[in-house]
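Report on the structure
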Amino acid sequence: MGTEPAQTIVDDLGYAEDGIIHVTARFGYVETPDVPGTLATLTPAETEGQLQLDQASYFLSRIELRRGKTPTMAPWRKRLFIATSYITADAAEYFGLPRDRTIIMGSHIEV
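Note that the structure is a prediction, hence the values are computed from the model and not measured. (Residues numbered from 1 in each chain as written. Predicted model: local features only at pLDDT ≥ 70, side-chain atom pairs only at ≥ 80, totals over all residues. Heavy atoms only, no water.)

**Side note on the packing of aromatic side chains**
The tally for this structure, following the rule as stated, stands at one aromatic pair. Look at tyrosine 94 and phenylalanine 95: their rings are 5.1 Å apart centre to centre, the planes differ by 75 degrees, and that puts the pair in the edge-to-face class. Of the residues examined, phenylalanine 95 reaches a relative accessible area of 27% and is grouped as partly exposed. (Phe/Tyr/Trp six-rings, centres within 6.5 Å; stacked < 30°, edge-to-face > 60°. Buried < 20%, exposed > 50% of the residue type's maximum accessible area, 1.4 Å probe, protein only.)

Okay, here's the thing in structure tokens:
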């Protein structure tokens, strides 16, 4: 389990010299994702040249739930739903990303 490399797809964004690539990596259910390790398996031909993973930046998104005034569900259910949304794993740690080069962008959704 977890010994096969992740399935990766590199999308051509149309600008060969900008230093930005888009990679989709698919991991199995029981695998522990290692994003930098997976990126290290890509060839220079796939990625517009040799990757400099020690200088790469990683971007994550985070959605924060807020209690809204719209009566979408019972108030106690809203509180429970929002409380359980905070019980999540640290995404940067889960994906094996270096903290000093990981940017987390967030948004808010009212429930």
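**A word on the confidence of the model for the chain**
Across the chain, pLDDT averages 85, with 95% of residues at or above 70. By mean pLDDT, the top-scoring element of the chain is helix 1 (residues 35-39) (92), and the lowest-scoring one is helix 2 (residues 75-85) (86). (pLDDT = per-residue confidence, 0-100. Helix = DSSP H or I, 4+ residues; strand = E, 2+ residues; numbered from the N terminus.)

**Some words on the pattern of salt bridges**
Inspection of every chain in the model, using the stated rule, returns two salt bridges. Taking the shortest distance from any N to any O, the salt bridge between arginine 66 and glutamate 64 comes out at 3.8 Å. The exposure class assigned to glutamate 64 is partly exposed, which follows from its relative accessible area of 30%. Close ionic contact of arginine 99 with aspartate 90 constitutes a salt bridge, the shortest N to O distance being 1.9 Å. Relative accessible area serves as the criterion here: at 52%, arginine 99 is assigned to the exposed category. Looking at aspartate 90, the relative accessible area reads 31%, which means it is partly exposed. (Salt bridge = Lys/Arg side-chain N within 4 Å of Asp/Glu carboxyl O.)

**As for unusual backbone geometry**
Where the residue is not glycine, phi is negative for most of them; where a peptide bond is considered, it is trans in most cases. Of note, glutamate 48 is a non-glycine position whose phi angle comes to about 60 degrees, a positive value. Among the secondary structure elements, glutamate 48 is positioned in the loop between helix 1 and strand 3 (58-66). With a relative accessible area of 37%, glutamate 48 lands in the partly exposed category.

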